[in-house]
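# Observations on chain architecture
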Amino acid sequence: MNKLVIVTYVLRALGFVLVLLSLFGHSLILNLFPGLEGQSINPIFYSGIGVYLIGAVLYFFVNKKLRAEKRRQQIEEAEGRVFGDKNSDEEK
């Protein structure tokens, strides 16, 4: 599997965890970062959404590129099967 695809999965998982942590893990966040007591935890939520969106957009473009390469290869193979037989007959 392509390394960039793996990175996109990791980014999306990290974003998902950050969003869940900000929604359901207030006490855990405050235990890890005691300086946030009395402050909003919204930056963690927004950073989770941002990280997830970055991973999703990267995956979209990488997957689009991989599909285009696969489609191009299938077209070349099909042309080789169709026109390869005719070219070999003309050469003889």
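My aim in this report is to walk through the structure given alongside it, one point at a time. (Residues numbered from 1 in each chain as written. Predicted model: local features only at pLDDT ≥ 70, side-chain atom pairs only at ≥ 80, totals over all residues. Heavy atoms only, no water.)

## Focus: the side chain of Ser22
Inspection of the secondary structure assignment puts Ser22 in helix H1 (residues 3-24). Under the relative-accessibility criterion, Ser22 is labelled buried at 6%. (Helix = DSSP H or I, 4+ residues; strand = E, 2+ residues; numbered from the N terminus. Buried < 20%, exposed > 50% of the residue type's maximum accessible area, 1.4 Å probe, protein only.)

## Considerations on the packing of aromatic side chains
Taken as a whole and judged by the stated rule, the model has three aromatic pairs. Aromatic side chains Tyr9 and Tyr59 sit 5.6 Å apart centroid to centroid with 50 degrees between the ring planes, which places their arrangement in the tilted category. Placement of the pair is Tyr9 in helix H1 and Tyr59 in helix H3 (residues 42-91), with a sequence separation of 50 residues. Between Phe60 and Phe61, the aromatic rings sit 5.3 Å apart at their centres with planes inclined by 75 degrees, giving edge-to-face as the arrangement. The ring of Tyr59 is capped by Arg12, whose NZ or CZ atom sits 4.9 Å from the centre of that ring. (Phe/Tyr/Trp six-rings, centres within 6.5 Å; stacked < 30°, edge-to-face > 60°. Lys NZ or Arg CZ within 6 Å of the ring centre and 35° of its normal.)

## Comments concerning the environment of Phe83
By secondary structure assignment, the location of Phe83 is in helix H3. Note on Phe83: relative accessible area 45%, which makes it partly exposed. Separated by 61 residues in sequence, Phe83 and Ser22 have C-alpha atoms that sit 59 Å apart.

## Structural notes on H1
Here H1 is 22 residues long and its end C-alpha atoms lie 31 Å apart, about the 32 Å a rise of 1.5 Å per residue gives. When H1 is considered as a whole, its buried residues turn out to be Val5, Thr8, Gly15, Leu18, Val19 and Ser22. What you see down the axis of H1 is that its buried residues fit within an arc of 150 degrees, all on one side. Residues Lys3, Val10 and Phe24 are exposed on H1 and point more than 90 degrees away from its buried face. (Expected span 1.5 Å × (residues − 1). Arc of directions from axis to C-beta.)

## Observations concerning the environment of Thr8
Mapped onto the secondary structure, Thr8 falls in helix H1. Apart from the residues lying within four places of it in its own chain, the contact partners of Thr8 are Gly55, Leu58 and Tyr59. Reaching out from Thr8, the side chain makes a polar contact with the backbone oxygen of Val5 at a distance of 2.5 Å. (Contact = heavy atoms within 4.5 Å. Polar contact = N/O pair within 3.5 Å; in protein donor to acceptor, adjacent residues only side chain to side chain.)

## Let's talk about a nonpolar patch on the surface
Where nonpolar side chains cluster on the molecular surface, the patch consists of Phe16, Leu20, Leu23, Phe24, Tyr46, Ile49, Tyr52 and Leu53 and spans about 850 Å² of accessible area. Secondary structure elements with two or more residues in the nonpolar patch: H1 and H3. Inspection of the secondary structure puts Tyr52 in helix H3. A relative accessible area of 37% places Tyr52 in the partly exposed class. (Patch = residues over 30% accessible without salt bridge, like charges linked within 9 Å, V, L, I, M, F, W, Y side chains within 5 Å. Areas by Shrake-Rupley, 256 points an atom, 1.4 Å probe, with all protein chains shown as cover. Salt bridge = Lys/Arg side-chain N within 4 Å of Asp/Glu carboxyl O.)

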